[in-house]
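Structure assessment
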Amino acid sequence: MADKTATLTIGDTNLELPMYSPSAGPDVIDITKLYAQGNVFTYDPGFTSTASCDSTITFIDGDKGELLHRGYPIDQLASDSHYLEVCYLLLYGELPSAAQLEDFESRVTNHTMLHEQMMNFFRGFRRDAHPMAVMTGVVGAMSAFYHDSTDISDPWQREVASIRLIAKMPTIAAMAYKYTIGQPFVYPRNDLDYAANFLRMCFAVPAEDYQVNPILSRAMDRIFTLHADHEQNASTSTVRLASSSGANPFACIAAGIACLWGPAHGGANQACLEMLQEIGTPDRIPEYIARAKDKDDPFRLMGFGHRVYKNFDPRAKVMKQSADEVLDLLGIENNPVLQVAKELEAAALADPYFTEKKLFPNVDFYSGIILEAMGFPTSMFTPIFAVSRTVGWISQWKEMIVDPKMKIGRPRQLYMGATLRDYVDIEKR
Ligand code: ACO
């Protein structure tokens, strides 16, 4: 219910627009009747000032550098909770009791295998395919396999689709990786936790025993946790838009994966590590800083800047600390890439170009260093992000389906093309 109004004056007409106060964050002006009452559209490329939905899942205060899931700060969740508990929190709104958590973890664990016929999909790809291309295809293909969980009007089917996606995504990502390196698929093991199982599926081979290093599985779990949800970002909005037509849930998540792949979004972690490796030594940092500042050079510092965080990205702080810990525990001393990252961060933060534009390291600046130390190739960084973010996409999708205000997403446009004209026969053109 509107508690205030905003007045918009267009020529001689004053329009009273309802305003709503959220539980946190700035007030919003309701413009849904603007076209009907004022015959105008709003114009907001990139949706920089537009709230597209109501949500109770995640809150970000970009000025304070705050990220809350259902009210709980990300740094507390990263240090005290674990990924599947955070999944439960995102999906159902509250932290679980011990019995609820056990039941949830067991349901996820029991859905980790893929339909055996899905293996044929992997084999249809070239070995040099990017794992994100494979994941987009295979997750889309799930819509042809799990017909008993695609009726989105049935809450039970929505629940089963959610659990299936969270459970199978690590298996799909790991198999996409194994396929590209020509190794046999490693099937999931239900005696391992979510992160340990993923590491085993990526790194075990039939010829040898594989022991999961608990330090690495904890670090993996933390990476999953830090990427679990981030309110209405590009891939989540893609999932919401795709689902707004009532589309198959697996196909909608495949759309989210496709969006995440881009270097301005989830692809930044791969691009960032490649950039740090290309810089190579600290003495080349000034050259790259200069390029990032040069308006005529399209180069940007990858892992720097964020649409919402204009102070710091709270996930980057935890990630930086994790990078130090993991490299330390693995006995990797004087890692040159970490050295370049730290000096690049310090140089950028001492430069008015970056501080004035409020450009700070984002979650992806340090995540690649950890993943590389664990043995992942850069091409697996974004698939790991996709595994983590699946719960966010699903939670937002479930919220949207039951929202009585839900409509098919259909933005308007500022049309700048030709106006009505008559067709010209080809011989007269
Ligand atoms: N390096 C250099 N300059 C930058 C950078 C950067 N990384 N990011 C933004 N800028 C500059 C822009 O050139 C622009 O300058 P101008 O005002 O003089 O034209 C200004 O800062 C604002 O940039 P926009 O692109 O308008 O900001 P937007 O909010 O649209 O972009 C984005 C945010 C896409 C994250 C951007 O900062 C970027 O491209 N960063 C690098 C890619 C990256 O790390 N992405 C990961 C995002 S986090 C995630 O998805 C998990």
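Right above here is the structure, for reference.
Attention in this report is confined to the structure presented alongside it. (Residues numbered from 1 in each chain as written. Predicted model: local features only at pLDDT ≥ 70, side-chain atom pairs only at ≥ 80, totals over all residues. Heavy atoms only, no water.)

Thoughts on the sheet that holds strand S6 (residues 72-73)
Strand order in the open sheet formed by 3 strands is S4-S5-S6, and the pairing between neighbours is antiparallel. Each having just a single partner strand, strand S4 (58-61) and S6 make up the two edges of the open sheet. (Pairing = 2+ DSSP bridges. Helix = DSSP H or I, 4+ residues; strand = E, 2+ residues; numbered from the N terminus.)

Examining the site of the ligand
In the vicinity of the ligand there are 21 residues, among which Lys295, Arg300, Leu301, Gly303 and Lys357 approach most closely. Within the side chain of Lys295, a nitrogen or oxygen atom sits 2.8 Å from an oxygen atom of the ligand. Side-chain polar atom of Arg300 to an oxygen atom of the ligand: 2.9 Å apart, as the coordinates give it. Taken by itself the ligand offers 910 Å² of open surface, and the protein chains cover 75% of this. Its residues placed into classes, the shell around the ligand shows 11 nonpolar, 5 polar and 5 charged. (Near = heavy atom within 4 Å. Polar contact = N/O pair within 3.5 Å; in protein donor to acceptor, adjacent residues only side chain to side chain. Areas by Shrake-Rupley, 256 points an atom, 1.4 Å probe, with all protein chains shown as cover. Nonpolar A, V, L, I, M, F, W, Y, C, P; charged D, E, K, R; others polar.)

What about the sheet that holds strand S3 (residues 28-29)?
Strand order in the open sheet made by the 3 strands is S1-S2-S3, with antiparallel pairing throughout. If you trace the sheet from one side to the other, it starts and ends with strand S1 (4-10) and S3, each paired once. The pairing of S1 with strand S2 (residues 13-20) spans 7 bridges and is classified as antiparallel. Across the sheet, Leu8 pairs through a bridge with Leu15, a residue of S2.

Here's the deal with the packing of helix H7 (residues 155-181) against helix H18 (residues 381-401)
When two helices pack together, their arrangement is captured by the angle between the axes and the distance separating the axes. Interaxial distance between H7 and H18 falls to 9 Å at its minimum, and their mutual angle equals 170°. The angle between the axes of H7 and H18 places the two elements in the roughly antiparallel class. Contact residues: H7 offers Arg158, Glu159, Ser162, Leu165, Ile166, Met169, Pro170 and Ala173, while H18 offers Pro383, Ala386, Val387, Thr390, Val391, Ile394, Trp397, Lys398 and Ile401. A breakdown of the residues in the contact of H7 with H18 according to their chemical character gives 12 nonpolar, 2 polar and 3 charged. (Axes fitted to C-alpha atoms, helices over the stretch in contact; angles between N-to-C directions. Parallel < 35°, antiparallel > 145°, perpendicular 65-115°, else oblique. Contact = heavy atoms within 4.5 Å.)

Focus on helix H6 (residues 131-141)
Buried residues dominate H6, accounting for 8 of its 11 residues. Buried within H6 are the following residues: Pro131, Met132, Val134, Met135, Thr136, Val138, Val139 and Ala141. Against the buried residues of H6 lie helix H5 (119-123), H7, helix H11 (249-260) and H18. (Buried < 20%, exposed > 50% of the residue type's maximum accessible area, 1.4 Å probe, protein only.)

Points about the pairing of S2
Here S1 folds back onto S2, and the loop between the two strands holds 2 residues, one of which, Gly11, carries a positive phi near 60°. For S2 and S3, the ladder comprises 2 bridges, and the chain directions are antiparallel. Across the sheet, residue Met19 finds its bridge partner in S3, namely Ile29.

Re the packing of helix H9 (residues 214-226) against H18
Running from N to C, H9 and H18 point in directions that differ by 65°, and their axes come no closer than 8 Å. As summarised for this structure, H9 and H18 are arranged roughly perpendicular, according to the angle between their axes. When you trace H9 past H18, the crossing you get is right-handed. Between H9 and H18, the contacting residues are Met220, Ile223 and Phe224 on the first element and Ile384, Val387 and Ser388 on the second. By residue class, the composition of the contact of H9 with H18 is 5 nonpolar, 1 polar and no charged. (Left-handed = near helix turned anticlockwise from the far one by under 90°.)

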